[in-house]
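# Structural characterization, general
Listed here are the chains, written in short residue letters.
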Amino acid sequence: MKRILEPELMVDEHQVKAYAQADFETPHQDFMRRLSTLINEPDFSGTALDLGCGPGDISFRFAKSFPLSTTHAVDGSQPMLNAALAALNPDLAPRLHFIHGLLPHVILPQSNYEIIFSNSLLHHLPEPQVLWQTVKNYARPGTRIIIMDLLRPANLALAQKMVQDYTANEPEILQRDFYHSLLAAFSLEEISTQLVEADLKLHLEQISDRHVFITGVIR
Ligand SMILES: C[S@@+](CC[C@H](N)C(=O)[O-])C[C@H]1O[C@@H](n2cnc3c(N)ncnc32)[C@H](O)[C@@H]1O
C-alpha cells in the first residue's frame, strides 16, 4: 500500500483537544521505559530536545523522570503548544521550555543537545529527511537519539482493524486521525533507506504491530 499523506501540522482546535485528552498511557509509558533503559542515567543533567512535542505529554514525563534535566520541546502548531502550556506544572516550568517552530527551519536556543527524542512526528512529514537532517543539525558526537513512530500497515483492511483494536473507545475524531496516521506512516524498509540516505547509523526495531523504535549514539 502506498503512503497517503495527512496534514503536516495539527492545528485544528477540535483535533488538538481530542489529541491532548487522549489516553496515551500505554505507548508513552513504554516509550519512557525504553528511553530510560537506554539513557541509564537518572541524574542526567544536560539538555534534551523533543521534536514535534504536541501537547507535551512525553516532554512532561521526561522532565519528571530526569529531575536535573532541561528540555527544549518544539512544535510547529501553536494550538498544540497552547495545550502543552495549559498542562505545564509550574514546578517543571523553569526547566521545560516549549518552542514554536517549524522543522527544519527553526533556530533552537542551543546548537546541539545531549539527547534528542521524538514520538509520532516522522509520519507527519511529507519529506522525511526533515527529521533526519534536524537530528544531524542538532546532534554532536555522543548525542543519544530515541525516536518512536508508527509503521504503515500492509493494506487498508489492516489499518481499519488497528483502529478498531486500539481506539474503539476513543472519540471519532481521534479514530479518524489514527487511521490517517497509519496510512501516512513509513514502512521499516523506507525508514531504513532514509537513514542510509542521511548517513545516520541508528538501530531500527519493530516493537509492536504498529510501532518502530529508532535509537543510537551519534559518533
Ligand atoms: C502526532 S503529534 C505527536 C505529539 C507528541 N510527540 C506525542 O507523542 O504525543 C505530531 C506533532 O508534530 C507536529 N509537527 C508536524 N510537522 C512538524 C514540523 N515540520 N515542525 C514542527 N512540528 C511539526 C504536529 O503539529 C504535531 O503536534
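Preceding this section is the structure that the text describes.
In what follows, the accompanying structure is described. (Residues numbered from 1 in each chain as written. Predicted model: local features only at pLDDT ≥ 70, side-chain atom pairs only at ≥ 80, totals over all residues. Heavy atoms only, no water.)

## Focus on the overall build of the protein chain
Summing up its helical and strand segments, the protein chain has eight helices and seven strands in all. Taking 17 Å as the expected radius of gyration for a compact globule of 219 residues, we find that the protein chain reaches 16 Å, a close match to that expectation. Taking the principal axes of the C-alpha coordinates as reference, the protein chain spans close to 45 × 40 × 30 Å. Here the protein chain holds 219 residues, and the buried ones make up 53% of them. Entry remark: accessible area of the protein chain is about 10,400 Å², with carbon and sulfur atoms responsible for 53%. The average position of the 17 basic charges and that of the 26 acidic charges among the side chains of the protein chain differ by 4 Å. (Helix = DSSP H or I, 4+ residues; strand = E, 2+ residues; numbered from the N terminus. Rg over C-alpha atoms; globule rule 2.2 N^0.38 Å. Buried < 20%, exposed > 50% of the residue type's maximum accessible area, 1.4 Å probe, protein only. Areas by Shrake-Rupley, 256 points an atom, 1.4 Å probe, with all protein chains shown as cover. Lys, Arg positive; Asp, Glu negative; His and termini not counted. Charge placed at Lys NZ, Arg CZ, Asp CG, Glu CD.)

## Brief notes about the pairing of strand β6 (residues 203-206)
Relative to strand β7 (residues 211-217), β6 is paired through four bridges, and the arrangement is antiparallel. Paired with Glu205 across the strands is Phe213, a residue of β7. The loop that links β6 with its antiparallel partner β7 comprises four residues. (Pairing = 2+ DSSP bridges.)

## With respect to unusual backbone geometry
Across the junction of Leu103 and Pro104, the peptide omega takes the value 5°, indicating a cis bond. Within the element layout of this structure, Pro104 appears in the loop between β3 (96-100) and β4 (115-119). Even without being glycine, Asp199 reaches a positive phi, approximately 55°. Along the chain, Asp199 turns up in the loop between α8 (188-198) and β6. Classification of Asp199 as exposed rests on a relative accessible area of 51%.

## Concerning a nonpolar patch on the surface
Residues Leu9, Val11 and Leu102 make up a contiguous nonpolar surface patch of about 220 Å² in total accessible area. Within the secondary structure layout, Leu102 lies in the loop between β3 and β4. (Patch = residues over 30% accessible without salt bridge, like charges linked within 9 Å, V, L, I, M, F, W, Y side chains within 5 Å. Salt bridge = Lys/Arg side-chain N within 4 Å of Asp/Glu carboxyl O.)

## A word on the nonpolar core
In this structure, Ile116, Leu131, Trp132 and Ile191 are the most contacted members of the largest nonpolar core, which totals 30 residues. Contributing elements (two or more residues each) for this core: β1 (47-51), α5 (129-138), β5 (144-150), α8 and β7. Counting residues per element, this core draws most heavily on α5, at five residues. Not counting residues up to four positions away in its chain, the partners in contact with Ile191 are Leu122, Trp132, Leu151, Phe186, Leu204, Val212 and Ile214. Counting residues in each nonpolar core, the second largest holds 15 residues, with Met32, Leu35, Phe44 and Phe117 among its members. (Core = buried A, V, L, I, M, F, W, Y, C linked by side-chain atoms within 4.5 Å. Contact = heavy atoms within 4.5 Å.)

## Points about the packing of α5 against α8
Across the interface, α5 lies against α8 with an axial gap of 10 Å and an inter-helix angle of 45°. The angle between α5 and α8 falls in the class oblique. Between α5 and α8 lies a crossing of right-handed hand. Together, Gln129, Trp132, Gln133 and Lys136 of α5 and Ile191, Gln194, Leu195, Glu197 and Ala198 of α8 make up the contact between the two elements. (Axes fitted to C-alpha atoms, helices over the stretch in contact; angles between N-to-C directions. Parallel < 35°, antiparallel > 145°, perpendicular 65-115°, else oblique. Left-handed = near helix turned anticlockwise from the far one by under 90°.)

## Some words on the packing of aromatic side chains
Two numbers describe a pair of aromatic rings. These are the distance of the centres and the angle of the planes. The tally for this structure, following the rule as stated, stands at nine aromatic pairs. Centre to centre, the rings of Phe60 and Phe98 are 5.9 Å apart; their planes meet at 75°, and the pair counts as edge-to-face. Pair noted here: Phe60 is in helix α3 (residues 57-65) and Phe98 is in strand β3, with a separation of 38 residues, a long-range link. Members of the aromatic cluster, connected to one another through ring pairs, are Phe31, Phe44, Phe62, Phe66, Phe117 and Phe213. Its guanidinium or amino end placed over the ring of Phe213, Arg34 lies 5.5 Å from that ring's centre, counting from NZ or CZ. Against the face of Tyr166 rests Arg210, its NZ or CZ located 3.5 Å from the ring centre. (Phe/Tyr/Trp six-rings, centres within 6.5 Å; stacked < 30°, edge-to-face > 60°. Lys NZ or Arg CZ within 6 Å of the ring centre and 35° of its normal.)

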